[in-house]
Amino acid sequence: MSDVTPGPEGSENTDDELRRRFREALERKRSAQADAASGGRGKGSSKIHGAHGPVAGKRSFRRKSG
């Protein structure tokens with residue numbers, strides 16, 4: 001068989017490698033999000049449009065009679 005036997009040194013090395021890979025993936029994700037956030041096209045770069053604008057037609061409520 002092979003010489004690779006998981007031991008205390010092997011598990012630490014594997015954990016370090018795994019953590020390094022996760023950190024690299026997280027950095028790629030953060031840089032992609034930062035690029036997307038800074039890539040706005042001026043004033044109206046938000047995905048949400050007209051959230052707090054004027055109401056198109058004021059609603060009226062009437063009491064039911066009878």
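Above this text is the structure in question.
Residues numbered from 1 in each chain as written. Predicted model: local features only at pLDDT ≥ 70, side-chain atom pairs only at ≥ 80, totals over all residues. Heavy atoms only, no water.

A.B. asks: Outline the overall build of the chain, listing residues and values.
C.D. replies: Within the chain one finds one helix and zero strands. Within the chain, the fraction of its 66 residues that count as buried is 0%. As displayed, the chain has an accessible area near 7300 Å², and 52% of this comes from carbon and sulfur atoms. (Helix = DSSP H or I, 4+ residues; strand = E, 2+ residues; numbered from the N terminus. Buried < 20%, exposed > 50% of the residue type's maximum accessible area, 1.4 Å probe, protein only. Areas by Shrake-Rupley, 256 points an atom, 1.4 Å probe, with all protein chains shown as cover.)

A.B. asks: Tell me about the pattern of salt bridges, residues and numbers included.
C.D. replies: All chains considered together, the criterion is met by two salt bridges. Here Glu17 makes a salt bridge to Arg20, at a shortest N to O gap of 2.5 Å. Residue Glu17 and its partner Arg20 are located together in helix α1 (residues 8–38), separated by three residues, close to a single helical turn. Residue Glu17 is classed as partly exposed on the basis of its relative accessible area of 35%. Given a relative accessible area of 36%, Arg20 falls into the partly exposed group. (Salt bridge = Lys/Arg side-chain N within 4 Å of Asp/Glu carboxyl O.)

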